[in-house]
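Spelled out, the chains give:
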Amino acid sequence: MPTSVTTPAQASTPLDRLSPLLERFRVRAHLFHNGPLCGVTHFAAAPGRGFLHVLRRGEMVVTHQPQAGPPERLQVCEPSLLFYARPLEHFFHNAPTEGSDFTCAALDFDGGASHPLARALPPLVVLPLGAVDGLQQSLDLLFAETDRLRCGHRVLADRLFEVVLLQLLRWLLDHPQLAQMPPGLLTGLADPQLSRTLTALHEAPGELWSLAQMAQQAGMSRSAFAARFKAVVGDTPADYLAHWRLTLAQAHLRAGRSLKSIAHELGYANPSALSRVFAQKLGMSARDWREAVDEGR
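Residues numbered from 1 in each chain as written. Predicted model: local features only at pLDDT ≥ 70, side-chain atom pairs only at ≥ 80, totals over all residues. Heavy atoms only, no water.

## Considerations on the UniProt feature "domain: HTH araC/xylS-type" (unreviewed entry) in the protein chain
For clarity, the cut-off: UniProt positions are given in the numbering used here, feature names are shortened, and annotations may be inferred rather than shown by experiment. What counts as a helix is a DSSP run of H or I of at least four residues, what counts as a strand is a run of E of at least two, and both are numbered from the N terminus.
As annotated in UniProt, the feature "domain: HTH araC/xylS-type" (unreviewed entry) corresponds to residues 195-292 in the numbering used here. With 71% helix and 0% strand, residues 195-292 has its two end C-alpha atoms placed 34 Å apart.

Below you can see the structure in the form of C-alpha cells.
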C-alpha cells in the first residue's frame, strides 16, 4: 500500500509539485545569444530542443508556420519571456536599424518529446517580464553575467536561465487559466486536491495504487476523484499512472538499465508484465524501442 495518505491537516500543507518531476527529468539551458537582433532571425526545430527568449527592450513580430499551433503572426510590444517547450520553428522580425535586445537560451529536455513537462505545456508561452513576482531579481543576475565577460559566465548564465525557467513554471502552476493551459499534467498540478495525488504518484510510482488510495490522497470520494481527474488531466487515473511508469521505464532504458532491474520498482510483478504494457502503449517491444533510440543518437 502507499506509504501515506492525505489527512485534513496535510491538505493545507504547502506541496512541492515540481521537484519530483524535475529531479527525474532535467531541463538544461544553454545560453547562445545576448544582444540586438536585426532583420529576420530563424530558429529551427530540433528533437528535444526548446527555447527561452528574453526580450529585454524594444518590440518585434514573431511568425510561425500555418497550423503549427501558435498564431502565424504575433506582435510583442513590451519586454517579455517567450518560452517554446517543444521543437517549433519560429522567426523573429526586427527593424534593421533599431533592433530589439535579447538574451536567449536553448533548452534540452531529458527524454525529448517524452519529457512530462514538454508534453503538458502549450507550444508557446508569452509573458510580460513584470507579470512574474520575483523574476526581476533573477533577470538582473542573468543580465549581469551576460553583459560582461567574466570567468565562468556562460556556466553561471546557463544555471540562471534554469532559475528563470523554474520561476516561469511556478507562475504557470499558479495561473493556469491566464496561461490558457490545456488539460494535462500542469492543470492537474494546479488543482489543490489532484496535485496531492499526482505528486504522490510521481514520488512513489512503484506503490500498488488503487483508485480508492489515489482518491484518498486527494481527500475525495472515488467517483468525484475519477470524474475530476479525467476532466482536469485528460486521462483516467489508471491511464495516467501507467503512462508515468512507462515514461520512467523509457528513461531507465536510455540509461542502460534492463526491464528486469526496473520492473519491481515501477510497480510490476515481473519484467513480463512491464514488457506487455510497453508493447501495448508503444506498439513495439522494449528491445526494439531501445535499438531505435540507440540508432537515433
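## Comments concerning empty space enclosed by the protein
Selection rule: Here the term cavity refers to a set of points on a 1 Å grid, laid over the protein atoms alone, in which a 1.4 Å probe fits but cannot get out; the term pocket refers to an open set having protein on both sides within 12 Å along at least five of seven lines, with lining residues being those that place an atom within 4 Å of a point. Grid points are joined across faces, edges and corners, and a volume is the space filled by probe spheres set on the points. Each residue is assigned to one of three groups, with Ala, Val, Leu, Ile, Met, Phe, Trp, Tyr, Cys and Pro labelled nonpolar, Asp, Glu, Lys and Arg labelled charged, and all others, Gly among them, labelled polar.
Across all of its chains, the model carries one cavity of 30 Å³ or more by this definition. In this structure, the largest cavity spans a volume of roughly 40 Å³. What lines the largest cavity is Gly48, Ala85, Arg86, Pro87, Phe109, Gly112, Ala113 and Ala118. The residue makeup of the lining of the largest cavity, split by class, is five nonpolar, two polar and one charged.

## Things to note about the nonpolar core
Here is the rule we go by: In this description, a nonpolar core means a group of buried Ala, Val, Leu, Ile, Met, Phe, Trp, Tyr and Cys residues linked to one another through side-chain atoms lying within 4.5 Å. Exposure is judged per residue with a 1.4 Å probe applied to protein chains only, and the accessible area is read against the type maximum: over 50% gives exposed, under 20% gives buried, and values in between give partly exposed. Throughout, a residue-residue contact means that at least one pair of heavy atoms, one from each residue, lies within 4.5 Å.
Counting 73 residues, the largest nonpolar core has Leu52, Phe83, Leu121, Leu169 and Leu172 as its most contacted members. It is helix α5 (residues 153-174) that provides the largest number of residues to this core, a total of 10 residues. Ignoring any residue separated from it by four or fewer positions in sequence, one finds Leu52 in contact with Leu81, Leu82, Phe83, Thr103, Cys104, Ala105, Leu107, Phe161, Val164, Leu165 and Leu168. One finds Phe51, Leu55, Leu82 and Tyr84 within the second-largest nonpolar core, a separate group that totals 15 residues.

## Overview of the pattern of salt bridges
Quick note on the threshold: In what follows, salt bridge is the name for a side-chain nitrogen of Lys or Arg lying within 4 Å of a carboxyl oxygen of Asp or Glu.
Overall, the coordinates contain nine salt bridges when judged by the stated rule. The shortest N-O distance in the salt bridge between Glu162 and Arg26 comes to 3.7 Å. A residue pair is termed long-range when its members are at least 10 positions apart, and Glu162 in helix α5 and Arg26 in the loop between α2 (19-22) and β1 (27-37) qualify at 136 residues. You can call Glu162 buried: its relative accessible area is 16%. A salt bridge links Arg228 to Asp191, with the nearest nitrogen and oxygen atoms 3.2 Å apart.

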